[in-house]
4 protein chains.
Amino acid sequence: MAGNSFGKNFTLTTFGESHGEAIGGIIDGCPAGITIDLEAVEAEMKRRKPGQSDIVTQRKEPDSVKFLSGIFEGVTTGTPIGFIIENTNQKSKDYSHIEKIYRPSHADFTYDKKYGNRDYRGGGRSSARETACRVAGGAIAKQMLTDITINAFVSSVGEIFIDKPYQDLDFSKTEETAVRCPDLPTAAKMIKRIKEIKKSGDTVGGTVTCVIKNVPIGLGEPVFDKLHADLGKAMLSINAVKGFEFGSGFCGAKMKGSEHNDLFNEDGSTQTNLSGGIQGGISNGMDIYFRVAFKPVATIMQKQQTIDSDGNTVEMQGKGRHDPCVVPRAVPIVEAMAALVLADFWLRLRLSKL
Amino acid sequence: MAGNSFGKNFTLTTFGESHGEAIGGIIDGCPAGITIDLEAVEAEMKRRKPGQSDIVTQRKEPDSVKFLSGIFEGVTTGTPIGFIIENTNQKSKDYSHIEKIYRPSHADFTYDKKYGNRDYRGGGRSSARETACRVAGGAIAKQMLTDITINAFVSSVGEIFIDKPYQDLDFSKTEETAVRCPDLPTAAKMIKRIKEIKKSGDTVGGTVTCVIKNVPIGLGEPVFDKLHADLGKAMLSINAVKGFEFGSGFCGAKMKGSEHNDLFNEDGSTQTNLSGGIQGGISNGMDIYFRVAFKPVATIMQKQQTIDSDGNTVEMQGKGRHDPCVVPRAVPIVEAMAALVLADFWLRLRLSKL
Amino acid sequence: MAGNSFGKNFTLTTFGESHGEAIGGIIDGCPAGITIDLEAVEAEMKRRKPGQSDIVTQRKEPDSVKFLSGIFEGVTTGTPIGFIIENTNQKSKDYSHIEKIYRPSHADFTYDKKYGNRDYRGGGRSSARETACRVAGGAIAKQMLTDITINAFVSSVGEIFIDKPYQDLDFSKTEETAVRCPDLPTAAKMIKRIKEIKKSGDTVGGTVTCVIKNVPIGLGEPVFDKLHADLGKAMLSINAVKGFEFGSGFCGAKMKGSEHNDLFNEDGSTQTNLSGGIQGGISNGMDIYFRVAFKPVATIMQKQQTIDSDGNTVEMQGKGRHDPCVVPRAVPIVEAMAALVLADFWLRLRLSKL
Amino acid sequence: MAGNSFGKNFTLTTFGESHGEAIGGIIDGCPAGITIDLEAVEAEMKRRKPGQSDIVTQRKEPDSVKFLSGIFEGVTTGTPIGFIIENTNQKSKDYSHIEKIYRPSHADFTYDKKYGNRDYRGGGRSSARETACRVAGGAIAKQMLTDITINAFVSSVGEIFIDKPYQDLDFSKTEETAVRCPDLPTAAKMIKRIKEIKKSGDTVGGTVTCVIKNVPIGLGEPVFDKLHADLGKAMLSINAVKGFEFGSGFCGAKMKGSEHNDLFNEDGSTQTNLSGGIQGGISNGMDIYFRVAFKPVATIMQKQQTIDSDGNTVEMQGKGRHDPCVVPRAVPIVEAMAALVLADFWLRLRLSKL
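Small disclaimer: the values here were computed from a predicted structure and weren't measured.

### Focus on the UniProt feature "binding site: NADP(+)" (unreviewed entry) in chain A
Residue and element names in this part refer to chain A.
Okay, step 1: Within this structure's numbering, the places UniProt gives as "binding site: NADP(+)" (unreviewed entry) are Arg48.
Okay, step 2: Inspection of the secondary structure puts Arg48 in helix 1 (residues 38-48).
Okay, step 3: Classification of Arg48 by relative accessible area gives buried; the value is 2%.
Okay, step 4: Filtering out sequence-adjacent residues up to four positions away, Arg48 remains in contact with Asp63, Ala128, Arg129, Thr131, Ala132, Val135, Arg329, Pro332 and Ile333.

Right, dumping it as C-alpha cells:
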C-alpha cells in the first residue's frame, strides 16, 4: 500500500534501489498454464538496458532477469513469480559528491522531506533503474496476451516529430534505428538532434506513441477503473512523464460532437476512431492508441546552482553516464506498462458475466 | 474490485444508475473529528447540478445529498459515511426510442458486449450522473484538507482559450459567469460560442485547468502511486476526458533540460515551476497545476446513422435535455476528484516515517 | 481501508449506525446475468430480524432491504448493487443514560479511545445491527452460488449441545424451532435454558455449526488467502465471536497423523473428512464444516458496577430490549458470511488457469 | 490478489517454492527511520529452521535472509524491503517417487485440480518452507513495535498440556527446551511423547498459545477488520492450523454474561480479561492472548494406500526428513504473523483521528 504494487488481479510488486545488491519483483495472479519464453523476456530487457547504442547512457549493465519461482518446466504454475535483476555496475563513488545536495528537478528534496532520510546513490528508489522490473513483469504479461500486439515508438524528440498518422507507419522498422522511430527519415533527424544535445551537455524531451491492436471487446471497468484511466496512471507512473492523451486527446477538446462521433459499421466496428478504441472506459475492439510526453532528463552536464540539505547554495554539475534523451529506452517501458494494464483487465473480464 | 471504489485509505465507493431510485456512495477511511459543514457540501452539489444556467442541460434535479451515517452531532465519527442522492427526474420514456440502439461514441455497445445486458435508460451506470457522488465525496475530502485550496476553471471551449498564465487570473471570478472561466472577456466569448453550438444542435469540447495551492510537502508515493499518476487516473476516470498533463505537460517534451530544470531558492522553493509542484511523484510544496481535455458530448440534436443490437442500420437523433458543452459543469468534478486524491495521500503521509 | 469492506472480487462494503436514518451497503463485483429473487432476500432478513420469537430481543424492526441499483428487470447488470435498510425503531432515549458510561465488555471504551468521540446510541457502529447488511449481501451471494448449499444451525447453548455428528441431522428441521437447532429434543432443552436465563436477567453463549455441501474443487488460494483462513476471518468478524475451528479443529491437535489423514477413494473423494473439505487451503469437493463460538451477550438486566468517561465509578443496569442468547439470530449471519467468502473465491477460481 | 500478500498498510508479499533456487518476499509500507538489527532477524530465523534439535526434521538449511533493498546504513528508508532466502538443500530426488501421487491430507490433489499442473517437489508452494518468509517479515515488524512483547509457546502436544494459566508461566524459559514449552516438567513429557511418536513413524498435533503484552489501545477496526479477525486469519493461514480462539474462546460459549463480563477498574483496565484484550474488535490495552490448533503432520513414515493422478490405487510411504510434530517450530511463525497483524493496525491507528 506504499505504492510499490500495480494491478488488482495481475499484480506486479517491485523493490530495489539502483545501488543495492539487486532489484526485483513479484508477479502475483499470473494464471497457471502459460508457456514462458525466457529469451523473449531477455529481448525485452535488452531494449531497455543502458549502453545499447551511442545515443543512450553508456553505463554497462547486463540486466539479466533471474526467475526464482512460479515457473516449472517452462510453464507458469499459478503461484507467484519472483525475480531479481542484479546490480552489477553500481559506482557509488559517482554519487558521493551529491550526498547532501538536492539536484534540481530530481526527487532528492522531496524524498528527504517525506522520509527524513534518503539513499542518495543514483537516485535510490527514484532511479529509473526500477523500470527494469516493469519490463520484466510486462514481458510475462505479453506472453499471456498472445493475440494482442502492442507497438510503441518514438513519435517526437524535442521539436522533431513524425508528421503522419500511425496507420502509415511500418512498426517492423521501429527497432531498426537506435531512436526507435519507425519513420526512418524522421529517425535520422532525431538521432542527429540527440547527438547535438549530448555534445552540448544538455538533454531533450520527447513523446512516445503506443498502438495496441487486436484487443478483445470488454476490457476496462465503467467508473473509476476505466481502461484509459488505468493506462494513463500506468504511463504517468513512469519516470519523467508529464502528460497522457488517447484517441483524439487534447485535439478532441477543440472539436464538435458532429465531427468527433465515431459512426458504426454494421459489424460494430467504427468508421473513424477518435475514441481511441475505448468507449465508456471499455475497449470496443478498435485500435487503442495513446501518446505519452516525457520531459528532458534533469541531470545535465552543465553547471547549475542549487542547494544542499543544510540550505547552503552550492554549484554542481552532472557526472557519470546519463541519457541525453530518455524516449528511445522508454519505448519498451511504455509497452510493458500497457501489457500490465491489459493483463489485469483481461483477467477481470472473466468476472463480468455469470 | 469492479472499479467502483477510488482511493486506498480515503476511499469513495459509488453506486447507482441515472434512472434508478437513487444513486449514492460510501466514504470509508475519513478520520474522526472533522467538523462537517453540510451547506458547503450542498454548495458544491449546486455547482455540478443540471439546470443551473442557460448553457447547460435544462434537466431539473435537486441533487441534494442525504447523509445516513458517519456524522454525529456535526462531526465525523471515523465510521463510514453513507449517503444517497435521489433521482427525482427520471424521464425513462425519453429513452425508450434507444432501447436497442447503440448510440455513436457512447458506452451502449461496449456495455452490451461486456455484460450481456444493459440498463439503457439514460446511459445507466455510464451516465455522468454518477459524478454527483464524486462531488459529494470530494466535498467531504475538502473539509478535511482545510489548508489546501483547489481551484479549477474552464481554460478553453473549442478553439477559444485563456491566453494568460494562471498566475494572472483572479479565481474569485470563476463562479461569476455560467461558463466558469475567471478571465471575463474570454468567458463572454466562450458563452457566445456555446450558445451558437447549442443552436446548431451540436456540441463542443473544452479543457479544465486546476491549480492547487498550499500543498504540504510529501504527498505521493515514489513508484506506481506517484501523486500525478493518481491525479491523472482520477481525471481520466471522469466521463468524456481524453487527456491529462501537469506542469510543463506536452510542451515539456519539446524542451531542453537546461530550460526545464527548476532551480532551488534557499528555502527549498523553486524559481520556476515546470515540475508542476511534483518531483519524483511527491509534492514539493509549490503550486500543483494540471490541465484536462474533455471531448464534445456525444449526444447531438442532429440526425446520425447508427446500428442497433441486431446489427440493423438505423437513423437516430438525440432527444431530451443534454449539455452542449460539458466543461462548465466539469469544474466542480475536477476539483472533487483532486480533493479525493489529495485526501488519500494526506492520510498516507502519516505512514511514511516512524 | 478502514475495514468496512469484505471480499476482494465480490466485495461488500457496509455503512451505518443503529440509530441513524438507515444502514446499507454496496455489493461490488457481482457479475451480470444473475436472476435475483427478492423474496428470498427478504426471507433471509426475517431469519435475522429482532422480534421473531419469544427467545430473542423484542425490538420491532421490519428490516426490509431496498435495492437502489445494479438490478434491472430482475437481473443483475454487473454494476454495483446499492441498498439501504431503514432504521425505523431507534429509541435513542433508551440510551441517554449511558451517554458517558463505558458498559462492561462492550466497545464503548475502545471506540472512545480510538476515535476521540462516539455515537453512544445503541452501540453506534459496533451494534450488531450492522449484520443486517451482511445478511442482505450474503443473500445476493447465495443466489449466485446456486449449486452450493450452506446450512448453519445452533449446535450448543451454554452447556447444552447436540451429541451427534452433523451427518445424522436433518437440516430441513433447523427452522422449525425458534432456537434453530435441527435436533428437536436438544432444541427443546435449549429453549428452556434460554427462557430461564432471560428470566434471571442474564445471558448465555453458544455455538453455531455450519455445513457447506456441493462445493466445487479449487476454492481458496494457497498461502495467505486459504479458504479456511478467510472463512475464519469472516466468522471472527461477527459480533461476539470468540473462536473458530474447521474439520477436526481443536480435537485434531490431540490426534496422530495415522488417525488424522483422510485416505482417498479412487474418484478423489476421501474415506474420512477430518480435513473439513479443505486441503492446503483449497476446497477438495468434500463437505466443508466449521464451528463458531459466541460469548454471552454483554448487556445483562442485572446491576453492574462500571466507570464513565470521566473515570468515575458508577452503577448501571441494562435497559431496552436485548437478546438473552445471540446464537439463534446468528445462524443466518454465519451463512451470509460463508456465502460472501465462497462467492469471492468462486469468482477468483476463474483466474487460476489460462 | 492471488493471496500471496498479507496486510493492508504494512504488507508482506511472498514468493517461492521449496525446491526453486530461492524463496523471498517484499515488505511494503514499512516506515522510514526504523533501526534494523540484522542479528535479531537471524535469531528469529534460527528458531524456525529445520535441524535445530532432535525432535524436529533433520534437514539442514541455513535459512539466512539476504536483504536487497529498503535498508540503508542500518535504517529503513521507507521504500520496499526486498529479501531472499536461498534454498540450499533441495533434494529433489526425494520426491521423484511422488511425482504423480496424491499424498493423503496434503495439497497435491487440490493444487492439481485448481491449476492443472503442480510443482510436486517438496509440496511446491504449499510447503511450509514458505513460512520462513513470514518469519523474516515478522522480524522486521517486531523491530517497529519496540514496546509490544509477543510471546508464543507450545501449550499442548497430543494429550499433554500445560494445566496452568499463562500468568503463572515464565516466558524466559520458553527457549530453554527443544519443544518451546515454558513449563519445564510439561516440556519434558512433551519431548518424550514426540520421540515415541517419531520412533513409531507417526506424527502428532498440538497447540500454540500466544500472549501479547503492552499493546496500545485502539488497534483494530470496528467491522470486518476486527483485530481478532485478522489475527485469526493470520493464524489460520499457517500450514496445518485447524482452529483459533482468543480470550475465553470456546469456553466462553458455555458461560453466562454475568460471569463473562470484564468489569472496569477506575483507570480503564479490567478486573478480569475474558475479552482477551479486545473489545468490539479493538485492543483495550489488556493482554491479548489466543490459542492455535495444529493438526498432526500428514507425512508419516508408515505405509498408506492412496491414488495417483490417473486414478490408480497405489501404496506409498513417507521418505525424507519430516517433523514428527510441528508445534515447536510453529512458535516463531505464530509470533511473526501476530507481529505482522499488529504492525498493520499500529500504522492504521494513525489514520483514525484528525
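Picking up after the structure, the text goes on.
### Thoughts on the environment of Leu354 of chain C
Okay, step 1: Assignment of secondary structure puts Leu354 of chain C in the segment after helix 8 (327-348).
Okay, step 2: Sequence-distant contacts of Leu354 of chain C, defined by excluding residues within four places in its chain, comprise Pro31, Ala32, Gly33, Ile34, Met144, Trp346 and Arg350 of chain A.

### Things to note about the relation of the copies chain C and chain B
Okay, step 1: After a rotation of 180° and a shift along the axis of 0.0 Å, chain C superposes on chain B with an RMSD of 0.0 Å. Such values leave the two copies arranged in the relation of a two-fold axis.
Okay, step 2: Mapped onto chain B, 100% of the interface residues of chain C are again interface residues, and the two copies thus contact each other with one and the same surface.

### Concerning the nonpolar core
Okay, step 1: Phe290 of chain A, Phe290 of chain B, Phe290 of chain C together with Phe290 of chain D are the most contacted members of the largest nonpolar core, which totals 348 residues.
Okay, step 2: When residues no more than four places from it in sequence are discounted, the contact partners of Phe290 of chain A are Val208, Thr209, Cys210, Ile212, Leu231, Met235, Phe244, Glu245, Phe246, Val334 and Ala338 of chain A.

### Notes on the packing of helix 1 (residues 38-48) of chain D against helix 8 (residues 327-348) of chain D
All names here are of chain D.
Okay, step 1: Taken N-terminus to C-terminus, the directions of helix 1 and helix 8 make an angle of 140°; their axes are 7 Å apart at the nearest point. With respect to helix 8, the element helix 1 is oriented oblique. Facing helix 1, whose interface residues are Glu44, Arg47 and Arg48, helix 8 presents Arg329, Val331, Pro332, Ile333 and Glu335.
Okay, step 2: Its residues assigned to classes, the contact of helix 1 with helix 8 shows three nonpolar, no polar and five charged.

### What to know about the UniProt feature "binding site: FMN" (unreviewed entry) in chain A
Okay, step 1: Mapped onto this structure's residue numbering, the UniProt feature "binding site: FMN" (unreviewed entry) falls at Arg125, Ser126, Ser127, Asn239, Ala240, Gly280, Lys295, Pro296, Val297, Ala298, Thr299 and Arg321 of chain A. The greatest C-alpha distance among the residues just named is 44.4 Å, and with 197 residues of sequence between them they are spread in space as well.
Okay, step 2: Using a relative accessible area of 7% as the deciding quantity, one classes Ala298 of chain A as buried.
Okay, step 3: Discounting chain neighbours no more than four positions away, the residues touching Ala298 of chain A are Pro104, Ser105, His106 and Gln304 of chain A together with Asn261 of chain B.
Okay, step 4: Position of Arg321 of chain A relative to the elements: it lies in the loop between strand 17 (313-317) and helix 8 (327-348).

Basis of the calculations
Residues numbered from 1 in each chain as written. Chains lettered and ligands numbered in written order. Predicted model: local features only at pLDDT ≥ 70, side-chain atom pairs only at ≥ 80, totals over all residues. Heavy atoms only, no water. UniProt positions renumbered as here; feature names shortened; annotations may be inferred. Helix = DSSP H or I, 4+ residues; strand = E, 2+ residues; numbered from the N terminus. Buried < 20%, exposed > 50% of the residue type's maximum accessible area, 1.4 Å probe, protein only. Contact = heavy atoms within 4.5 Å. Least-squares fit on C-alpha atoms with pLDDT ≥ 70 in both. Core = buried A, V, L, I, M, F, W, Y, C linked by side-chain atoms within 4.5 Å. Axes fitted to C-alpha atoms, helices over the stretch in contact; angles between N-to-C directions. Parallel < 35°, antiparallel > 145°, perpendicular 65-115°, else oblique. Nonpolar A, V, L, I, M, F, W, Y, C, P; charged D, E, K, R; others polar.

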